[in-house]
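Here are the chains, one letter per residue:
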Amino acid sequence: MAGSGRLTTHVLDTMHGKPARGMRIELHYVHGDHTHHIGDSYTNADGRVDQPLLEGEQFQMGEFEIRFHVGQYFERLDVGIENPFLNVVPIRFTVGEDKHYHVPLLVSPFAYSTYRGS
């Protein structure tokens, strides 16, 4: 029987003060010094992914990495940055309980922050 654990995310574009629509997100499972690609998603108009990144039978304990393609997102918006700084932002974290893990990203072309949300 599947537990109640799930993994979700959302992205806020702090440069424009709105959700980051259309950002590519990759999820990887970390095995020692290498990773296993689980899947790709894109954020919706609310900056969220429509389905949890992991849930049900797919949800498991271990180390994961979410890769947010912020450089591609800001390039698509044509924000006019001469020398882009951020490209792919990796957030690596550990799932240690059968609970809801929410990993949001607040991002601009030059900085980001994250936290374990609810």
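Here the structure is shown first, and the text comes after it.
The following paragraphs examine the structure supplied in this document.

Quick notes on the rules
Residues numbered from 1 in each chain as written. Predicted model: local features only at pLDDT ≥ 70, side-chain atom pairs only at ≥ 80, totals over all residues. Heavy atoms only, no water. Salt bridge = Lys/Arg side-chain N within 4 Å of Asp/Glu carboxyl O. Buried < 20%, exposed > 50% of the residue type's maximum accessible area, 1.4 Å probe, protein only. Pairing = 2+ DSSP bridges. Helix = DSSP H or I, 4+ residues; strand = E, 2+ residues; numbered from the N terminus.

## Section: the pattern of salt bridges
No. 1: Under the criterion given, the structure shown has five salt bridges.
No. 2: Its salt-bridge partner being R48, residue D46 comes within 3.1 Å of it at the nearest N-O pair.
No. 3: Classification of D46 as partly exposed rests on a relative accessible area of 43%.
No. 4: Within the structure, one salt-bridge network assembled from shared partners comprises R24, E26 and D40.

## Some thoughts on the sheet that holds strand 1 (residues 6-8)
No. 1: Taking strand neighbours across the sheet as the criterion, the three strands line up as 6-1-9 in an open arrangement whose pairing is mixed. Of all strands in the sheet, those bounded by a partner on one side alone are strand 6 (54-55) and strand 9 (100-102).
No. 2: Direction of pairing for strand 1 relative to strand 9: parallel, over a ladder of three bridges. Bridged to R6 within strand 9 is H100.

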